[in-house]
Amino acid sequence: MASDKKPRRPRAETPKGFRDYFGAEVTERTDMLATIAEVYRAHGFDPLETSAVETVEALGKFLPDVDRPNEGVFAWQDEGGDWLALRYDMTAPLARVAAQFRNDLPSPYRRYTMGPVWRNEKPGPGRFRQFYQCDADTVGAPTVAADAEICGMLSDTLEAVGIPRGDYLIRVNNRKVLNGVMEVAGVLDPSDPAKFADERGIVLRAIDKFDKFGEAGVRALIGAGRLDESGDFTKGAGLSDEQADIVMGFMQAKRDTGAATAARLRELVTGSALGAAGVDELDLIATLLDGQGYGADRIVIDPSVVRGLGYYTGPVFEAELTFEILDEKGRKRSFGSVSGGGRYDDLVKRFTGQEVPATGVSIGVDRLLAALRAKGRIGGKAEGPVVVTVMDRDRMGDYLAMASELRRAGIRAEVYLGNPKNFGNQLKYADKRESPVAVIQGTDEAGRGVVQIKDLVLGAKIAASASLEEWKNQPAQVEVPRAEMVETVRRMLGLGV
């Protein structure tokens, strides 16, 4: 017996963890990416566009396991049995490109790339499974001059997109210094890197949570362990109080000047050649930046920067916006990080077996846009096109010609293509499009060789508050000769004549 149930219509909803972007949001992002690209190109970086799909093998640590083949990434198995995935970040594709085309690319290779990445993670407020990244990297340059250049370029980029000096700070640290501290603390043996690996992992994860747990929480995690408010116990690294003092000394080593900070770090790594090399690198970065005019009001040496220390092999940097915003509960808080990066000298080695030095930075474009909106520096609202209304169906050619003439003059314009029978609906459409101006020409106006130009923005203001006398002195609609249409529209849009 055939079922008489009607097939269920698909639900019109965005998949969980994803969202749609309209009008101004897309325009603002496009403009920001163009500005960032201009800065990157000025520094000699070339664009690179890679496929959104990579082999899961190329993604390295995100390889699917047997039980959870999609863990962390959106992955699937093709007909040949290979696992493919949407790219998780922009760095893994760069490592693959650098290895695949190493005989064709210049060395060092400087590239920037922009586009969406996908992460198969639990979504939350402001946390989506698809978001934009904007990366710049130098592959093949062992000198920390490349790291200093990235930091300076990041500073230039933030100012170019509208974050003024004083509203941001780029903080620089070095993984080698931390390794030196752990060597002095007795949890790193340079002759046997595998020794104390578990303890070092716990220490790295603990200091990465410094902002969340504070000094007491981190001390507990690198010591005997931490008991949280719910009663859950997290096993610690087992460091003694003396060892913990050395690690915490690293976290709290920042002083008033870069030189004083470096001197304190040098004290902490006494006896570690690796740690001393890391301090030397920080010293050199500070000197190179200072010589270019990047002072402490823009870029500082700060050992409390810990994000990514488990991933990077040398210098690590983070751009933080220092101004305050109101959170969802109306409380003041600093906006926080919008960019991070560092040196990762062993990433390309996975493909070639040879160590290739690399350093780079990634900008969270969506967070940067949110910061500019929070400060009112972009409007979140785009001005729509001039709308040429349709009074007579049989004169559509004339209306299309008007729109073409406006566009040739550099004015965004369109002809109303809905049902023209109700003229009020045409003006409602223009309002919904955020149109600043409407052009009107009926049979009578065409016969007299004139057009009506309606200032919709001024008209809305007049309708809301102006008196009759004010309206007469500043009418929102004017009649002008057809030949003066473009000139009048330009004047209403504030474009000059």
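Residues numbered from 1 in each chain as written. Predicted model: local features only at pLDDT ≥ 70, side-chain atom pairs only at ≥ 80, totals over all residues. Heavy atoms only, no water.

Asks: When you look at the sheet that holds strand β3 (residues 75-77) in this model, what are you seeing that I'm missing?
Replies: Strand order in this open sheet of three strands is β2-β4-β3, and the pairing throughout is antiparallel. The open sheet has two free edges, formed respectively by β2 (53-55) and β3, since each of these has just one partner strand. The mean angle between the axes of side-by-side strands here comes to 30°, regardless of whether they run parallel or antiparallel. Where β2 and strand β4 (residues 83-86) come together, three bridges link them in antiparallel fashion. Across the sheet, residue V53 finds its bridge partner in β4, namely L86. (Pairing = 2+ DSSP bridges. Helix = DSSP H or I, 4+ residues; strand = E, 2+ residues; numbered from the N terminus. Axes fitted to C-alpha atoms, helices over the stretch in contact; angles between N-to-C directions.)

Asks: What exactly am I supposed to notice about unusual backbone geometry here?
Replies: Most of the time, phi is negative for any residue but glycine, and the peptide bond is trans. The omega angle of the peptide bond from S107 to P108 is 5°, so this bond is cis rather than trans. When you line up the elements, P108 lands in the loop between α2 (91-100) and β5 (109-118). One non-glycine residue with positive phi stands out, namely E434, at about 60°. For E434, a relative accessible area of 37% translates into the label partly exposed. (Buried < 20%, exposed > 50% of the residue type's maximum accessible area, 1.4 Å probe, protein only.)

Asks: Looking at this model, I keep getting lost on the pattern of salt bridges. Mind explaining?
Replies: When the charged atoms of two side chains lie near each other, side chains of opposite charge can form a pair. One pass over the full model with this rule turns up 28 salt bridges. Measuring nitrogen to oxygen at the nearest pair gives 2.9 Å for the salt bridge that ties R343 to D147. Residue R343 is found in strand β12 (residues 332-343), and its partner D147 is found in helix α3 (residues 145-160); the two are separated by 196 residues along the sequence. Across this residue pair, the class does not change: R343 and D147 are buried. In this structure, E479 and R448 form a salt bridge, with 2.9 Å as the shortest nitrogen-oxygen distance. Of this pair, E479 sits in strand β18 (residues 477-481) while R448 sits in helix α14 (residues 443-448); the two residues are 31 residues apart in sequence, bridging distant segments of the chain. The class for R448 is partly exposed, based on a relative accessible area of 43%. Linked by salt bridges that have partners in common, D156, E159, R165 and R298 make up one network. (Salt bridge = Lys/Arg side-chain N within 4 Å of Asp/Glu carboxyl O.)

Asks: I'm lost on the side chain of T261 in this one. Help?
Replies: Its place among the elements puts T261 in helix α8 (residues 258-268). Within the structure, T261 has its side chain in polar contact with the backbone nitrogen of R255 (distance 2.9 Å). Excluding its chain neighbours within four sequence positions, the residues that come into contact with T261 are A253, K254, R255, I301 and P303. (Polar contact = N/O pair within 3.5 Å; in protein donor to acceptor, adjacent residues only side chain to side chain. Contact = heavy atoms within 4.5 Å.)

Asks: Please clarify how the sheet that holds β18 should be interpreted in this entry.
Replies: Pairing between sheet strands relies on hydrogen bonds along the backbone, with the strands arranged either parallel or antiparallel. Taken together, the five strands give an open sheet; going across it, the order is β15-β14-β16-β17-β18, and neighbouring strands pair in mixed fashion. The open sheet has two edge strands with one neighbour each: β15 (413-415) and β18. Taking each pair of neighbouring strands and ignoring which way they run, the sheet shows an average axis angle of 25°.

Asks: Looking at this structure, I do not really get the pairing of strand β16 (residues 437-440). What am I missing?
Replies: Remark: a regular strand shows side chains that alternate across the two faces of the sheet. Of the two faces of β16, the one holding V437 and V439 and the one holding A438 and I440 are both buried throughout. Summarising the sheet, strand β14 (residues 386-388) and β16 pair through two bridges and their orientation is parallel. Within β16, the position partnered with V387 by the bridge is A438. Relative to strand β17 (residues 450-455), β16 runs antiparallel, the two being bridged by four bridges. When the sheet's bridge partners are listed, A438 is paired in β17 with K454.

Asks: Before we go on, may I ask you to explain the UniProt feature "binding site: L-histidine" (unreviewed entry) in the protein in this structure?
Replies: UniProt's feature table lists "binding site: L-histidine" (unreviewed entry) at D89, M90, T91, R119, Q133, D137, R307, Y311 and Y312, given in the numbering used throughout. Checked against the element boundaries, R119 lands in the loop between β5 and β6 (130-139). Using a relative accessible area of 18% as the deciding quantity, one classes R119 as buried. Those residues in contact with R119 that sit more than four places away from it in its chain are G72, F74, Y88, D89, R129, F131 and Q133. (UniProt positions renumbered as here; feature names shortened; annotations may be inferred.)

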